[in-house]
Each structure stands twice: as C-alpha cells, then as structure tokens.
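The lines below spell out each chain.
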Amino acid sequence: MMKTLLKVDEINTYIDQFHILQNVSFEVKTGEVTVLLGRNGAGKTTTLRTIMGLNSASSGSVVYKDEDITKQNTHHIARKGIGYVPEDQGIFADLTVGENMRVAMQKEDDATKERMDWVLNMFPDLKKFWNKAGGQLSGGQKQMLSIARAYINENDLLLIDEPSKGLAPIIVEKVMESIQEMKEKTTIVLVEQNFYMASSIGDSFYILDDGMTVHSGKMNELKDDEVLKKKYLGIA
Ligand SMILES: Nc1ncnc2c1ncn2[C@@H]1O[C@H](COP(=O)(O)OP(=O)(O)OP(=O)(O)O)[C@@H](O)[C@H]1O
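Per an unreviewed UniProt entry, the protein chain goes by the name Branched-chain amino acid transport system ATP-binding protein and belongs to Salirhabdus euzebyi. Annotation of the protein chain in UniProt includes, under Sequence similarities (unreviewed entry), the sentence "Belongs to the ABC transporter superfamily."

And the structure:
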C-alpha cells in the first residue's frame, strides 16, 4: 500500500457569497501523479488555492504528512514542502530569469544547486535568457520558469495548474517531458485539461464538476471510459 501524502477531506470554500467548493475530497499517494480533471469553472484552481491557503476553507480539512494545515498561512504551507505552479505562472515580469530564480530559492545548499543544474539542463532557454526580464519571455518560457521556481526547492509535493495552457504542441511536449522526470522525485497534483497530457502522466484521477468531486479512479481505466469522458470532460 502506498502512503497518503495529502488528504483533502470534505472542504467547502466560498469566494464572496459563492459556494465554490462543496465537500471536495481526494487523496494523494506518495510517488504518484494525481490529476484533477473537469470542465472550466469546475473548481480545480480553487482546490489548489485552498490547499495552499490562498483561499480559505470554511469547513473540512487539508492534511499533509499527517498534519492538519487547513488554517495555516501560505508561507508556512510552502515551507513545509509544497510547491505551487499557478495557472498565471506567478513570475515577476520586471525581474530577470536569474532574479526570479533567486527570489524563489529557499536555500543555497548542494541539493538546491543540483536541482538548479537539472532545471537548466531540462530548460536550456532559462540559461540562455538568464538576464532577460520575465515579462519578455514567450509563453512557453514563462511556463518553464514557473515550473523551475517551484522545483528549485526541496518539495515533496508539487501542485501544478494547467501547465499546457496556451502553449504550442511542441512546447507542451517539453513541459510533459519535464513533469515525467520530476515525477521520479516528487509527488504531483496536476490540473490539466489536455487529456493527452493528463493521461500520459497521471496515475490516478479525480473529476470535479460544479465544485464537487464526482468520480475517481486509475488513469488507465479512464482512458477507455468513453461515457465518463464525454459526460464530464466533453471529450467525444
Ligand atoms: N474571484 C472570484 N470571484 C467569483 N467567482 C470566482 C472567483 N474565482 C473563481 N470563481 C468561480 O469559481 C468557480 C471555480 O473556478 P476555478 O477557477 O476553481 O475552476 P477551474 O476548474 O480551475 O476552471 P478553469 O480551468 O477555468 O480555471 C467558477 O465558477 C468561477 O467562476
């Protein structure tokens, strides 16, 4: 039996008066890639934001490594080893690539240097454009920088929100390749609308619909479930 790294249990999250997440529950096993699927507006981003403490759950719990982190602030949650790659990438437009990396870095030890070597090797553009402003990068390069910023720290869990969004197919391949490699070292929760990517990388899935978790299972079973895919994902 694989160990549970993260357990989200019946969380309810409101944004203003809107009840966005309604008893969302899921479990993330150590070493797996768990994919959150569902249509636009289903609540995937809000789920990741609630885990990070950027939105607060009004009830329910988020337990990471057997510790209840539901009410902790984002800074503390990040320090516990949860990295977040937000949908809008969250990089500093006015800082150079190098400065974006330095600001993200929590330590300067050998392990961090090793991870830095890995990301620069994986994404040579980051090295090439080290002195270029974040805001001047292409969409793909911004995504690479955003992933690199989360990967540079000693995280046991990465939350990655729609990394393929708006990227050309060839760049999607590159991002996929990087996530495949990160998967060897880190547990991942991936929000991904691109079913090809989701099904290539994912081990388990949860489908969100209207702020609720409506289905879950193993990714290789979902691949062949045309009914489920059509009903909740709009994939014919
Ligand atoms: N700041 C906000 N104010 C009001 N409603 C919001 C806000 N942010 C999100 N919502 C609503 O919450 C619901 C869930 O949004 P969320 O972004 O979590 O969905 P999602 O599944 O990640 O979709 P997407 O892929 O479009 O980001 C949507 O109906 C959205 O309109």
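Having seen the structure, we can now continue with the description.
## Points about the site of the ligand
Close to the ligand lie I15, D16, F18, I20, G38, N40, G41, A42, G43, K44, T45 and T46, which account for all nearby residues. Mapped by element, the contributors of at least two residues to the shell around the ligand are β2 (18–29) and α1 (44–51). Looking at the shell around the ligand, the element that brings in the most residues is α1, giving three residues. A per-class count over the shell around the ligand returns four nonpolar, six polar and two charged.

## Description of the sheet that holds strand β7 (residues 157–161)
Taken in spatial order, the six strands line up as β6-β7-β8-β3-β9-β10 in an open sheet, and their pairing is mixed. Edge positions in the sheet fall to β6 (82–85) and β10 (212–218), since each has one partner strand and no second. Put simply, the sheet's adjacent strands are angled 15° from each other on average, direction ignored. Sheet topology places strand β9 (residues 204–209) next to β10; six bridges connect them, and they run antiparallel. The residue of β10 that forms the bridge with F205 is G217. Packing of α1 onto the sheet brings it into contact with β3 (33–37), β6, β7, β8 (187–191) and β9, and relative to β7 it is tilted by some 150°. Packed onto the sheet, helix α6 (residues 139–151) meets β6 and β7 and runs at close to 170° relative to β6.

## With respect to unusual backbone geometry
Even without a glycine there, the phi angle at D66 is positive, about 65°. Within the fold, D66 resides in the loop between β4 (57–64) and β5 (67–68). Of note, the phi angle at E162 is positive, near 40°, even though the residue is not glycine. In this structure, E162 sits in the loop between β7 and α7 (169–182).

## So, the pairing of strand β1 (residues 4–15)
When β1 meets β2, the two strands line up antiparallel, connected through eight bridges. Considered in β2, the bridge of T4 is made with K29. Between the antiparallel neighbours β1 and β2 lie two residues, among them D16 with a positive phi of about 50°.

Procedures and definitions
- Residues numbered from 1 in each chain as written.
- Predicted model: local features only at pLDDT ≥ 70, side-chain atom pairs only at ≥ 80, totals over all residues.
- UniProt positions renumbered as here; feature names shortened; annotations may be inferred.
- Near = placed C-beta within 6 Å.
- Helix = DSSP H or I, 4+ residues; strand = E, 2+ residues; numbered from the N terminus.
- Nonpolar A, V, L, I, M, F, W, Y, C, P; charged D, E, K, R; others polar.
- Pairing = 2+ DSSP bridges.
- Axes fitted to C-alpha atoms, helices over the stretch in contact; angles between N-to-C directions.
- Contact = placed C-beta atoms within 7 Å.

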